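So the chains spell out like this:
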Amino acid sequence: MQKRLLMTPGPTPIPGDVLLAMAQPILHHRTPEFKGLLKSCGDDLQPIFATNEQVLMLSSSGTGAMEAAITNFCRHGDTIITVAGGKFGQRWGQIGRAYGLSVVEIEVEWGQAVELSAIEEALNEHPGARGIYVQASETSTGVRHPVQGIAALCRTRSETLCVVDGITAVGVEPLEMDKWGVDIVVSGSQKAFMLPPGLAFIACSEKAWAMAEQSDLPRFYFDLLKERKNQATGQTAYTSPVSLVVGLRKVLDRMLAMGVEALHEHHDTLARGTRAGILALGLKLLANPPATSVTAAWAPDDMDAGDIIKGIGQRNIKIAGGQDHLKGRIFRIGHLGWFSQADIIATLSALECTLADLGHEFSPGVGVVAAAAVFEGK
Ligand SMILES: *Cc1c(COP(=O)(O)O)cnc(C)c1O
């Protein structure tokens, strides 16, 4: 009998009432009941996305919405600018190249945020760029990119969209789509939305929709103009992921009952506690500045991060590792969605036990105490 704790930045744990709702007998997707449900979810996603624009739902993991954010807005031969400072930033480039676009990648050291001057330089060199594609929170490194500043740079350029992968930022930290002038925001169900994987979200500005009318890249399933028309009436173009939408209704009830601001504050507290705990143990953080969704830390120099992840796993807590050149060097603790302060304390405690086993020197309990002090507001 093992109680396991999932502390990864996606998929994330699912609250019991959401699981129960999804276990109900299936609704047919072409009924008034389902139409009302889909429509209400679309409406209630708007405050979470900080937009008055329609938020569309797609049946896919987050990458499907990323692909749609390219295929629905770009034209043959277009240039796009991407920020390649991690696994997900690189994905923008991979998708762009798959559709024959010319991709200008801004290389950023993993763990660092892109400099606004680098964005401005790329824009000046490629004034016709169709869009800047960036992550608000680059989950592979735990870094936060300066989306507000990037949006400000795009705002004055009528031909360039600011496209933000907010998959681990929406519902976690402020990402003011309308206020900042972000043109496209995408997200996904298995992160802050506390749902199984399989549902993606995308919201688009008026400027983006106007550019969608000119787009001529091939697409079929992810046709956003078609989805926009259908979803305005509570219908998806093809069969809806009915159970996920039923679960989403419960999640949105939870989020809105808490309030968007309190939701962000809650995540901020968990993130600050986690960081304080890790620093108190004498470890270093990877990201500068750190995002709120996930904390990435370097393993001590003489240690393989894989051994830390394994040791924590033996204590029934699943955390994530690094990717590519950071594999074996960093570990990542997710804290977006259905997480509590107690989960963070338990994880830090398991980290302490593991580090002690592996011979790292620190005074036992300091990590946990530092996190608790943050949670107690001290
Ligand atoms: C999880 C995630 C994605 C989407 O990945 P999928 O596996 O397609 O859901 C994209 N971007 C970021 C920043 C993510 O964290």
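Notes on the structure in this doc start here.

The rules behind the values
- Residues numbered from 1 in each chain as written.
- Predicted model: local features only at pLDDT ≥ 70, side-chain atom pairs only at ≥ 80, totals over all residues.
- Heavy atoms only, no water.
- Helix = DSSP H or I, 4+ residues; strand = E, 2+ residues; numbered from the N terminus.
- Polar contact = N/O pair within 3.5 Å; in protein donor to acceptor, adjacent residues only side chain to side chain.
- Contact = heavy atoms within 4.5 Å.
- Salt bridge = Lys/Arg side-chain N within 4 Å of Asp/Glu carboxyl O.
- Buried < 20%, exposed > 50% of the residue type's maximum accessible area, 1.4 Å probe, protein only.
- Pairing = 2+ DSSP bridges.
- 1 Å grid on protein atoms, 1.4 Å probe; cavity = no way out; pocket = protein on both sides within 12 Å on 5 of 7 lines; lining within 4 Å.
- Points joined across faces, edges and corners; volume = space filled by probe spheres on them.
- Nonpolar A, V, L, I, M, F, W, Y, C, P; charged D, E, K, R; others polar.
- Near = heavy atom within 4 Å.
- Areas by Shrake-Rupley, 256 points an atom, 1.4 Å probe, with all protein chains shown as cover.

1. Overview of the side chain of S137
Mapped onto the elements of the fold, S137 is located in strand β6 (residues 137-138). Looking at S137, its side chain comes within polar contact range of the side chain of T168, at 2.8 Å. Separated by 2.9 Å, the side chains of S137 and S293 make a polar contact. What S137 contacts, discounting residues up to four positions off in sequence, is V143, D165, T168, A169, A291 and S293.

2. Quick notes on the pattern of salt bridges
A complete count under the given rule lists 14 salt bridges for this structure. R249 serves as the salt-bridge partner of D44, at 2.8 Å between the closest nitrogen and oxygen. Placement of D44 in helix α2 (residues 32-49) and of R249 in helix α10 (residues 242-258) is noted, with a sequence separation of 205 residues between them.

3. Some points on the environment of A203
Its location among the elements puts A203 in strand β10 (residues 199-204). Considering only alpha carbons, one finds A203 and M57, 146 residues apart in sequence, at a separation of 9.0 Å. Filtering out sequence-adjacent residues up to four positions away, A203 remains in contact with F49, T51, Q54, V55, M177, D183, I184 and V185.

4. Thoughts on helix α3 (residues 62-71)
Where burial is concerned, most of α3 is hidden: eight out of the 10 residues are buried. Turning to α3, its buried residues are G62, G64, A65, M66, A68, A69, I70 and T71.

5. A closer look at the pairing of strand β11 (residues 294-298)
For β11, a buried count of four out of five residues is recorded, marking the element as mostly surrounded by other parts of the structure. For β11 and strand β14 (residues 330-334), the ladder comprises five bridges, and the chain directions are antiparallel. From the neighbouring strand, T295 faces β14, where its bridge partner is I333.

6. As for the pairing of strand β2 (residues 55-59)
Most of β2 sits inside the fold, with four of its five residues counted as buried. Sheet topology note: the β2/β10 ladder contains five bridges and is antiparallel. Bridging across to β10, V55 finds its partner in A203.

7. Quick notes on empty space enclosed by the protein
Scanning the entire structure with this criterion turns up two cavities of 30 Å³ or more. A volume near 80 Å³ is recorded for the largest cavity. If you go around the largest cavity, the residues you meet are M57, L58, S59, Y221, F222, E227, Q231, T236, A237, Y238 and T239. Ranked by residues supplied to the lining of the largest cavity, first place goes to β2 with three residues. When grouped by side-chain class, the residues that make up the lining of the largest cavity number six nonpolar, four polar and one charged. Considering only enclosed or pocket space, the second largest cavity measures out at about 30 Å³ in volume. G142, R275, L285, L286, A287, P290, V294, T295 and A296 are the residues that line the second largest cavity. Residue contributions to the lining of the second largest cavity peak at three residues, all from β11. The residue makeup of the lining of the second largest cavity, split by class, is six nonpolar, two polar and one charged.

8. Considerations on the site of the ligand
Near the ligand there are 14 residues, and of these S61, T63, T139, D165 and K191 occur at the shortest range. Within the contact set of the ligand, a nitrogen atom lies 2.5 Å away from a side-chain nitrogen or oxygen of D165. Within the complex, the protein chains bury 88% of what would otherwise be the 380 Å² of accessible surface of the ligand. Secondary structure elements with two or more residues in the shell around the ligand: α3 and α4 (87-98). Among the residues forming the shell around the ligand, the class breakdown is three nonpolar, eight polar and three charged.

9. Quick notes on unusual backbone geometry
A cis amide bond links G10 to the next residue, P11, at an omega of -5°. Inspection of the secondary structure assignment puts P11 in the loop between β1 (5-6) and α1 (16-22). Across the junction of N288 and P289, the peptide omega takes the value -5°, indicating a cis bond. The backbone phi angle of D324 is positive, close to 50°, even though this residue is not glycine. Mapped onto the fold, D324 is located in the loop between β13 (320-321) and β14. We classify D324 as partly exposed; its relative accessible area is 42%.

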